[in-house]
Amino acid sequence: MPRFGPATRDALLAAALAVAALAVAVAWPGVRALDAAGAFLLLAAHAPLAVIRGRPTTALIALVVLVLPYHLLQYQHHALVPAEVIALFAYAVLGRRVRIVLGLVAFVLAVCVIGMAMRAGGASVREQIAVVEAVVSVVIAVQVWRSHRARVATITERAERAERTREEEARRRVAEERLRIARDLHDLLAHSITVIGVQAGAAAHLVAGDRPVERAELAEVLNAIAATCREARTELRGTLQVLRGTDVGGPAVLPGPDAIAGLAEAARSAGLEVALSADGAGAAPPEAGVAAYRIVQEALTNVVKHAAASRVTVTLAREDRGLVVRVADDGRGPSGAGPEGFGILGMIERARSVGGTLDAGPGEGGGFAVTAVLPFAGVRSGAEPVTPG
């Protein structure tokens, strides 16, 4: 069987309906027998059905213009009912401004049928009233169909939008979790490897020196390296448990202000003189405490690697704005260009993750200073952080 396109199928359907309508009008003529003018109007009224898919408004108007004289001349009325019903439903599905156009069509057809009923009289009145009822029923059915389609389309759109929103939210959370884990790994590994490198260098210097090496002194340096390795291993295990979604070995304990003393001790073992004041950090919420720990960890790592400092001051104080974290050293300060790597950027992101801000730049008396304000509310403020320099 040949496969026809939509336009060809519409033309064939219109031709079949026209032949059937012509046969009905000839077999049951009704008030007035079908003549040449009536046959022309009857066949021409089916022609718009062939193009109604592409031009619904034009086709419906043309059909109304052709059927009005046909009905007014009292030809067989029921022969055109299938074409009129199909045109109304097609326009309901394809057309625009459906209520206005369909209401106008219903009014014109109703006036036409009432006029014909008044002219015919007798039993024909009941017949014409039935035609009016059919036209009104078609218009009502068209409106119900259109409303149902609009409601289904709205529900479908809302469901698709909700699904897209859920998928976007899931992707956003995955990206945020990956960024958090990346920051944790960077802070942990950069600090631990830097401290271990400095401690190992000190041990190598002791062994390669001219003076005799005391066993206790060397053991102290090696114990410091071992302690740093154990702390790094513990934190790394907790981070990997989060990444794998397992709880093997028990839940990991989040580092906080209480663990900053360990960071200070590790920095001392690397040859720095560290002054620590953390009396105001005891009441900090867990989110702010973790952020403070990571900021101090990264700041001390930068001091050990880049500052060539001999002294560093770490201060955690509680103020009205929240927890204020400050790490200042007496090193050489910024070199003029921004520091390489992602250390300061990572500290800024840490502060922003709890709604805080961070300022990194030259200290008042020289060296370099990092100051972070971490609000206790834990709500994102949306304020832009102050960039280094």
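Think of each chain on its own: its residues are numbered from 1, step by step along the sequence as written. Side-chain atom pairs in this predicted model are given and counted only at pLDDT of 80 or more, local residue features only at pLDDT of at least 70, and totals for whole chains, interfaces and linings cover all residues. The basis for every side-chain value is the complete set of heavy atoms in the structure, and neither hydrogens nor water enter the calculation.

The description of two helices packed together rests on the angle between their axes and the distance between the axes. The interhelical angle for the contact between helix α8 (residues 260-269) and helix α9 (residues 286-307), taken along N-to-C directions, is 5 degrees, at an axis separation of 10 Å. Accordingly, the angle class assigned to the pair α8 and α9 is roughly parallel. Side by side, α8 and α9 meet where Ile260, Leu263, Ala264 and Ala267 of the first sit next to Ala292, Tyr293, Val296, Gln297 and Leu300 of the second. Three residue categories are used. Nonpolar comprises Ala, Val, Leu, Ile, Met, Phe, Trp, Tyr, Cys and Pro, charged comprises Asp, Glu, Lys and Arg, and polar comprises the others, including Gly. Tallied by class, residues from the contact of α8 with α9 come to eight nonpolar, one polar and no charged. Between N-to-C directions, angles cover 0 to 180 degrees, with each direction set by a line fitted to C-alpha atoms, over the stretch in contact for helices. Only DSSP runs of H or I with at least four residues qualify as helices, and only runs of E with at least two residues qualify as strands; both kinds are numbered from the N terminus onward. Here is the rule for angles: anything less than 35 degrees is roughly parallel, anything more than 145 is roughly antiparallel, 65 through 115 is roughly perpendicular, and the remaining ranges are oblique. Note on contacts: a residue pair qualifies if any of its non-hydrogen atoms lie within 4.5 Å across the two residues.

Strands are labelled as partners when DSSP assigns at least two bridges between them. Where strand β1 (residues 273-277) and strand β2 (residues 311-319) come together, five bridges link them in parallel fashion. Considered in β2, the bridge of Ala275 is made with Thr313. Once β2 ends, the chain turns through two residues before running back antiparallel as strand β3 (residues 322-329).

Our next topic: the pairing of strand β5 (residues 368-374). Within a regular beta strand, the side chains point alternately toward one face of the sheet and then the other, so they alternate between its two faces. In terms of residue burial, β5 counts as a mostly covered element, since six of its seven residues are buried. Pairing geometry for β3 and β5, over six bridges, is antiparallel. In the strand pairing of β5, Leu323 is matched with Leu374. Pairing of strand β4 (residues 357-362) with β5, which is carried by six bridges, proceeds in the antiparallel orientation. Following the sheet pairing, Ala360 is matched in β5 by Val370. Partly exposed describes any residue whose relative accessible area lies between the buried limit of under 20% and the exposed limit of over 50%, with all areas from a 1.4 Å probe on protein chains only and scaled to the type maximum.

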